[in-house]
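# Residue-level structure breakdown
Single-letter residue listing:
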Amino acid sequence: MNIDEQHINELINLCKQGNKNAKKTLYEIFSKKMMALCYRYLPNIQDAEDALCDGFISMYEHLHKYKQGNFTAWLSKIMINSCLIIIKKQKKFVLKEDNTMFDLAEDIEIDNPQRFNKNDIIKALESLPNAYRTIFNMAIIDEMKYDEICEHLNINKQTVKTVMYRAKKRLREFLINLEEERNNR
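Description of the structure in this document. (Residues numbered from 1 in each chain as written. Predicted model: local features only at pLDDT ≥ 70, side-chain atom pairs only at ≥ 80, totals over all residues. Heavy atoms only, no water.)

Of the regular secondary structure elements, the protein holds eight helices and zero strands. In sequence order, the secondary structure elements of the protein are arranged as α-α-α-α-α-α-α-α. Residues counted as buried form 38% of the 185 residues belonging to the protein. Within the protein, counting contacts between residues at least 6 apart in sequence, those at least 24 apart form 71% of the total. For the protein, the computed accessible surface area is about 11,300 Å², with 49% contributed by carbon and sulfur atoms. (Helix = DSSP H or I, 4+ residues; strand = E, 2+ residues; numbered from the N terminus. Buried < 20%, exposed > 50% of the residue type's maximum accessible area, 1.4 Å probe, protein only. Contact = heavy atoms within 4.5 Å. Areas by Shrake-Rupley, 256 points an atom, 1.4 Å probe, with all protein chains shown as cover.)

In structure tokens:
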């Protein structure tokens, strides 16, 4: 559903006044996009749904703090935090500090990435260990700065850089293997 910022701001104002229909409409507008975001972090559908519900509850509770701007970005941050809380509670975010230095100047790229479809990319992301997928999502898809990732996850910057390097390397290997399997059929 496509909607303009003015209408969203009107709905937000109604929600702040306790209008249940406005809350329902806001949920209907954003739930599908936010569910996709939650599912990127939590590939178990039940966990993603829990994060979505928790995120919307938190959004409604903190709506009075929202200042007009990019509501989608504000809500996305709430949903990411909701996902991170679940990841931490489940202790699925296991990351050993590793100070191994890599030549991080060598970026991991894929020649002609257009040859892979959306499902290929989703499978590749799902193949990553939870910690790698979480950091990759935060950095690449949600465009968080490394310092922000460090703050959210309580890890150091070198660890984030190392995980990003390894995640990109694993994604590249997964996609190359996928392509080789297709060519051998």
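Over its 18 residues, helix H3 (residues 45–62) runs 25 Å from end to end, which matches the ideal 26 Å to within 8%, given 1.5 Å per residue. Residues of H3 that are buried make contact with helix H2 (20–41) and helix H4 (71–89). With a side-chain oxygen positioned 2.8 Å from the backbone nitrogen of Gln46, the residue opening H3 is Asn44. (Expected span 1.5 Å × (residues − 1). Polar contact = N/O pair within 3.5 Å; in protein donor to acceptor, adjacent residues only side chain to side chain.)

As a further point, take the nonpolar core. Counting 52 residues, the largest nonpolar core has Leu26, Phe30 and Phe71 as its most contacted members. For this core, the secondary structure elements donating two or more residues are helix H1 (5–16), H2, H3, H4, helix H5 (118–126), helix H6 (130–141), helix H7 (146–153) and helix H8 (157–183). With near-sequence residues (within four places) excluded, Leu26 lies in contact with Ile8, Leu11, Ile12, Cys15, Phe56, Met59, Tyr60 and Phe71. (Core = buried A, V, L, I, M, F, W, Y, C linked by side-chain atoms within 4.5 Å.)

Looking now at unusual backbone geometry. Positioned with a positive phi, Glu143 is a non-glycine residue whose angle comes to about 55 degrees. Phi at Asn154 takes a positive value of approximately 55 degrees, unusual for a residue other than glycine. One can find Asn154 in the loop between H7 and H8.

Note on placement: Ile141 falls in helix H6. Taking relative accessible area as the criterion, Ile141 reaches 34% and is therefore assigned partly exposed. As a C-alpha pair, Ile141 and Arg40 span 101 residues in sequence and 9.5 Å in three-dimensional space. With near-sequence residues (within four places) excluded, Ile141 lies in contact with Arg40, Leu125 and Phe136.

All right, on to the environment of Lys157 then. Within the fold, Lys157 resides in helix H8. Beyond its immediate sequence surroundings of up to four residues, Lys157 is in contact with Tyr146, Asp147 and Cys150.

Let us now look at H4. The end-to-end C-alpha distance of H4, which contains 19 residues, comes to 27 Å, matching closely the 27 Å that a straight helix rising 1.5 Å per residue would cover. Considered for burial, the residues of H4 that qualify are Phe71, Thr72, Leu75, Ser76, Ile78, Met79, Ile80, Ser82, Cys83, Leu84, Ile86 and Ile87. The inward-facing, buried residues of H4 contact H1, H2, H3, H6 and H7. Near the N-terminus of H4, the side chain that reaches the backbone nitrogen of Thr72, with its oxygen 3.2 Å away, is that of Asn70.

In total, this model carries five salt bridges according to the counting rule given. In this structure, Arg40 engages Asp142 in a salt bridge whose closest nitrogen and oxygen atoms are separated by 3.1 Å. With Arg40 in helix H2 and Asp142 in the loop between H6 and H7, this residue pair connects regions lying 102 residues apart in the sequence. According to the relative accessible area criterion, Arg40 is partly exposed, its value standing at 21%. Residue Glu148 is joined to Lys77 by a salt bridge in which the shortest nitrogen-to-oxygen separation is 3.1 Å. Taken together, the residues span a long stretch of sequence, with Glu148 in helix H7 and Lys77 in helix H4 at a distance of 71 residues. Overall, the relative accessible area of 25% leaves Glu148 in the partly exposed class. We classify Lys77 as partly exposed; its relative accessible area is 44%. (Salt bridge = Lys/Arg side-chain N within 4 Å of Asp/Glu carboxyl O.)

It is worth stressing that arrangement in space is one thing and function is another; only the former is reported here.
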